Amino acid sequence: QVQLVESGGGLVQAGDSLRLSCAASGRTFWNYAMGWFRQAPGKEREFVASITRTGATATYADSVKDRFTISRDNAKNTVYLQMNSLKPADTAVYYCAQGRRLTIALDTIAEVDYWGQGIQVTVSS
């Protein structure tokens, strides 16, 4: 079965950087768009970033544009989220997501086929 396992979260101060990783298994990784979503306490899960199957195109939420970078290594079946200039508003549980077979841009929850278990990112002021 498909498994998405996130790593790299933690507690940092405002202005710091973190890199999240998501290792995928269970089906051919490069056939699927990948993405990151997040959910803060008391809020709905929201889109953060997505990347197409080849890695040619990345899409970002306005709130993270120019600070976060999504990338993928199809040889390692892994997608990354480099987060720079972190803010307290970035505090949330971050979820790795894999799209459905024909999904091109994984930027809505409706397009998600599989979720990771989530990983906490906490940014202190």
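Owing to the predicted nature of the structure, the values given are computational and were not obtained by experimental measurement. (Residues numbered from 1 in each chain as written. Predicted model: local features only at pLDDT ≥ 70, side-chain atom pairs only at ≥ 80, totals over all residues. Heavy atoms only, no water.)

### Overview of the sheet that holds strand β7 (residues 68-73)
Taking strand neighbours across the sheet as the criterion, the 4 strands line up as β1-β3-β8-β7 in an open arrangement whose pairing is antiparallel. Across the chains shown, the open sheet's two edge strands, defined by having one partner strand only, are β1 (3-7) and β7. Pairwise comparison of adjacent strand axes, ignoring direction, gives a mean angle of 15 degrees for this sheet. Here 6 bridges tie β7 to strand β8 (residues 78-83), and the two strands are oriented antiparallel to one another. For isoleucine 70, the partnering residue across the bridge sits in β8 and is leucine 81. (Pairing = 2+ DSSP bridges. Helix = DSSP H or I, 4+ residues; strand = E, 2+ residues; numbered from the N terminus. Axes fitted to C-alpha atoms, helices over the stretch in contact; angles between N-to-C directions.)

### A short note on the side chain of serine 50
Tracing the sequence through the fold places serine 50 in strand β5 (residues 46-51). Overall, the relative accessible area of 2% leaves serine 50 in the buried class. If we ignore the near neighbours within four places in the chain, the residues touching serine 50 are Met34, Gly35, Thr57, Ala58, Thr59, Ile70, Ala105, Leu106 and Asp107. (Buried < 20%, exposed > 50% of the residue type's maximum accessible area, 1.4 Å probe, protein only. Contact = heavy atoms within 4.5 Å.)

### Some thoughts on the state of the cysteines
Structurally, a disulfide amounts to a covalent bond that connects the sulfur atoms of two cysteines. Considering all chains together, one arrives at 1 disulfide under this definition. Paired through a disulfide, cysteine 22 and cysteine 96 show a sulfur-sulfur distance of 2.1 Å. Between cysteine 22 and cysteine 96, the S-S dihedral sits near -80 degrees, and the bridge is therefore left-handed. With cysteine 22 in strand β3 (residues 18-25) and cysteine 96 in strand β9 (residues 92-99), this residue pair connects regions lying 74 residues apart in the sequence. Relative accessible area serves as the criterion here: at 0%, cysteine 22 is assigned to the buried category. (Disulfide = S-S within 2.5 Å.)

### Examining the environment of valine 79
Positionally, valine 79 belongs in strand β8. With residues near it in sequence (within four places) discarded, valine 79 still touches Leu20, Ser21, Cys22, Phe29, Met34, Trp36, Ile51, Ile70, Ser71, Arg72 and Cys96.

### Describing unusual backbone geometry
The backbone phi angle of aspartate 66 is positive, close to 75 degrees, even though this residue is not glycine. Here aspartate 66 lies in the loop between β6 (58-60) and β7. Here serine 85, not a glycine, exhibits a phi torsion of approximately 50 degrees, which is positive. Examined against the element boundaries, serine 85 turns out to sit in the loop between β8 and β9.

All we've got here are geometric facts, nothing functional implied.
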